[in-house]
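# Coordinates in review
Okay, here's what each chain looks like letter by letter:
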Amino acid sequence: MSVHATTETVDEAAIVAQAETALGDIANIKSEIGNVIFGQEDVIQNAIVAILSGGHALLVGVPGLAKTKLVDTLGTVLGLDSGRIQFTPDLMPADILGSEVLEEGEGGKRHFRFVKGPIFTQLLMADEINRASPRTQSALLQAMQEYHVTVAGQHYDLPAPFHVLATQNPLEQEGTYPLPEAQLDRFLMQIDITYPEVEAERRILIDTTGIDAAVANPVVTAQRLQELQTLVRRMPVPESVVEAILRLVRSARPGTGTDATDRHVAWGPGPRASQSLMLCARARALYEGRFAPSVDDVRALAEPILQHRMALTFAARAEGMSVGTVIAGLVDALE
């Protein structure tokens, strides 16, 4: 017992020491991004939390709210190789993954050579992902889940770390295709971007219309980011947080004994939502300078993690209800 206890003490001490160092890195990351992106603190927090958790994020908002600039800034600050794909209705899967080309070598021998597509990067911005056809959207599925692509029967590993930050226009705009449920579930969270507050917009007017514009600088390397992601997975989670996650996610599924859910929810989140909440609660705690998550982290992350994994019944939509309203009721029930 004493040896086991000593080992646990050493592990806890090592995690605390690593977390203390990580807090400084995360503070510098927040500061550097804040020099370029004004306001939108919740958006920045959720985007960093998603990356620290090792996942992908879907940024939803009307054009002109600095979604592209946020992704570019994150790539620079986090020291990641970044790429961008502009999704259009005529985009094909090969335009994303790459394709084989026939080459003629010495002696007239011909062979195929794989030319990698823009997906082979560490931080991929899938811009206006819902403007592409479902066939092209599905080309990202394997990459986002398995971190490799298959072309002509050959597997090609993607760089590590690999993250997709996709932007999406509201579906009521013309020329958009709703993302299928399987695609949505691959995103760790959906981050809704709203219009900036008046003071933030005032600063945007003053600081971005002059000759000199703020430029982000690298703060960490890709290797350091991977170390932070490993640290997030090692952080302890109190039993109360585990129970809160289970209660919240299971209460969002029809047939679990919750009358309101049975009336309003057509289908609810699967186990991947629970996994996402567990990881993001840890990352959010570290982002805010704490060494362990709390139930408040679960409450704060409920909507961005659950909203794209749920669908309302026809009756609920007819009553004017939204997924956010349903989730808010489930969160209140955690009290």
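Right above here is the structure, for reference.
The residue numbering used here restarts from 1 in each chain and proceeds along that chain's sequence as written. At least 70 in pLDDT is required for a residue's local features to be given in this predicted model, at least 80 for side-chain atom pairs to be given and counted, and no such filter applies to totals for whole chains, interfaces and linings, which use all residues. Excluded from the side-chain calculations are hydrogens and water; all other atoms, namely the structure's heavy atoms, are used.

### Quick notes on the overall build of the protein chain
- When its secondary structure is counted, the protein chain shows 15 helices and 11 strands.
- Computed over the C-alpha atoms, the radius of gyration of the protein chain is 22 Å, within 12% of the 20 Å expected from 2.2 N^0.38 for a compact globule of 335 residues.
- In terms of overall dimensions, the protein chain has C-alpha extents of about 70 × 60 × 55 Å along its principal axes.
- Across the 335 residues of the protein chain, 46% fall into the buried class.
- The method behind every accessible area is Shrake-Rupley, applied with a 1.4 Å probe, and residues are considered shielded solely by the protein chains displayed. With an accessible surface of roughly 16,400 Å², the protein chain has 53% of that area assigned to carbon and sulfur atoms. In this text, helices come from DSSP runs of H or I with a minimum length of four residues, and strands from runs of E with a minimum of two, each type numbered from the N-terminal end. Each radius of gyration is computed over the set of C-alpha atoms, and the globule rule expresses the reference value as 2.2 Å times the number of residues to the power 0.38. Each residue is placed in one exposure class: buried if its accessible area under a 1.4 Å probe, protein chains only, is under 20% of its type's maximum, exposed if it is over 50%, and partly exposed if it falls in between.

### Observations regarding unusual backbone geometry
- Cis geometry is found at the peptide bond from A160 to P161, where omega equals -5°.
- Of note in this structure, E128 is not a glycine but carries a positive phi near 55°.
- Tracing the backbone shows E128 in the loop between β5 (123-127) and α5 (134-137).
- Positive phi values are uncommon outside glycine, yet Y147 reaches one of about 60°.
- Along the chain, Y147 falls in the loop between α6 (139-146) and β6 (148-151).

### So, the nonpolar core
- For the purposes of this section, nonpolar cores are sets of buried Ala, Val, Leu, Ile, Met, Phe, Trp, Tyr and Cys residues that join through side-chain atoms within 4.5 Å. Judged by nonpolar contacts, the single largest core of 68 residues is most densely connected at L74, M189 and L248.
- Residues are treated as being in contact if the distance between any of their heavy atoms lies within 4.5 Å. Sequence-distant contacts of M189, that is, excluding residues within four places in its chain, are made with N46, V49, A50, H56, A57, L58, C280, L301, P304, I305 and H308.
- If you look at the next biggest cluster of nonpolar residues, it comprises 27 residues, including L58, F87, I129 and A166.

### Some remarks on the packing of aromatic side chains
- Ring pairs are drawn from Phe, Tyr and Trp, using the six-membered ring of Trp, whenever the two centres fall within 6.5 Å, and their geometry is named by plane angle: stacked under 30 degrees, edge-to-face over 60, tilted for the rest. Using the criterion set out here, one finds three aromatic pairs in the structure.
- Ring centres of F114 and F120 lie 6.0 Å apart, and the angle between their planes is 70°; on these two criteria the pair is classed as edge-to-face.
- Overall, F114 belongs to the buried group, its relative accessible area being 14%.
- Measuring from ring centre to ring centre gives 4.1 Å for F114 and Y156, while their planes differ by 15°; the resulting arrangement is stacked. Of this pair, F114 sits in strand β4 (residues 110-116) while Y156 is found in strand β7 (residues 154-157), placing the two residues 42 residues apart along the sequence.

### Brief notes about empty space enclosed by the protein
- Residues are called lining when one of their atoms sits within 4 Å of a cavity or pocket point, these points coming from a 1 Å grid over the protein atoms alone, where a cavity is a set in which a 1.4 Å probe fits but cannot get out and a pocket is an open set with protein on both sides within 12 Å along at least five of seven lines. Grid points are joined across faces, edges and corners, and a volume is the space filled by probe spheres set on the points. In the structure shown here, the tally under the stated rule is one cavity of 30 Å³ or more.
- The space that makes up the largest cavity amounts to roughly 30 Å³.
- Taken together, I37, Q40, V43, L65, A66, L70 and I193 form the lining of the largest cavity.
- Nonpolar residues are Ala, Val, Leu, Ile, Met, Phe, Trp, Tyr, Cys and Pro. Charged residues are Asp, Glu, Lys and Arg, and all others, Gly as well, are polar. The residue inventory of the lining of the largest cavity, partitioned by class, reads six nonpolar, one polar and no charged.

### Side note on the sheet that holds strand β2 (residues 82-86)
- Two strands are counted as paired when DSSP detects at least two bridges linking them. Pairing in this open sheet of five strands is parallel, and the strands run β2-β5-β8-β1-β9 from one edge to the other. Because the sheet does not close on itself, it has two edges, and the strands there are β2 and β9 (189-192). The average undirected angle you get between the axes of adjacent strands in this sheet is 20°.
- Alignment of β5 against strand β8 (residues 163-168), held across four bridges, turns out to be parallel. Each bridged residue has a counterpart across the sheet, and for M125 the counterpart in β8 is L165.
- On top of the sheet, helix α2 (residues 41-52) reaches β1 (57-60), β5, β8 and β9; it is set at about 160° to β9, its chief contact. Angles here are taken between N-to-C directions and fall from 0 to 180 degrees, while the axes themselves are lines fitted to C-alpha atoms, restricted in helices to the stretch in contact.

### What to know about helix α12 (residues 271-287)
- Here the expected span of a helix is defined as 1.5 Å times the quantity of residues minus one. End to end, α12 covers 24 Å across 17 residues, agreeing with the expected 24 Å (1.5 Å per residue, within 8%).
- For α12, a buried count of 13 out of 17 residues is recorded, marking the element as mostly surrounded by other parts of the structure.
- Where α12 ends, the next residue or the one after it, G289, has phi of about 90°, a positive value.

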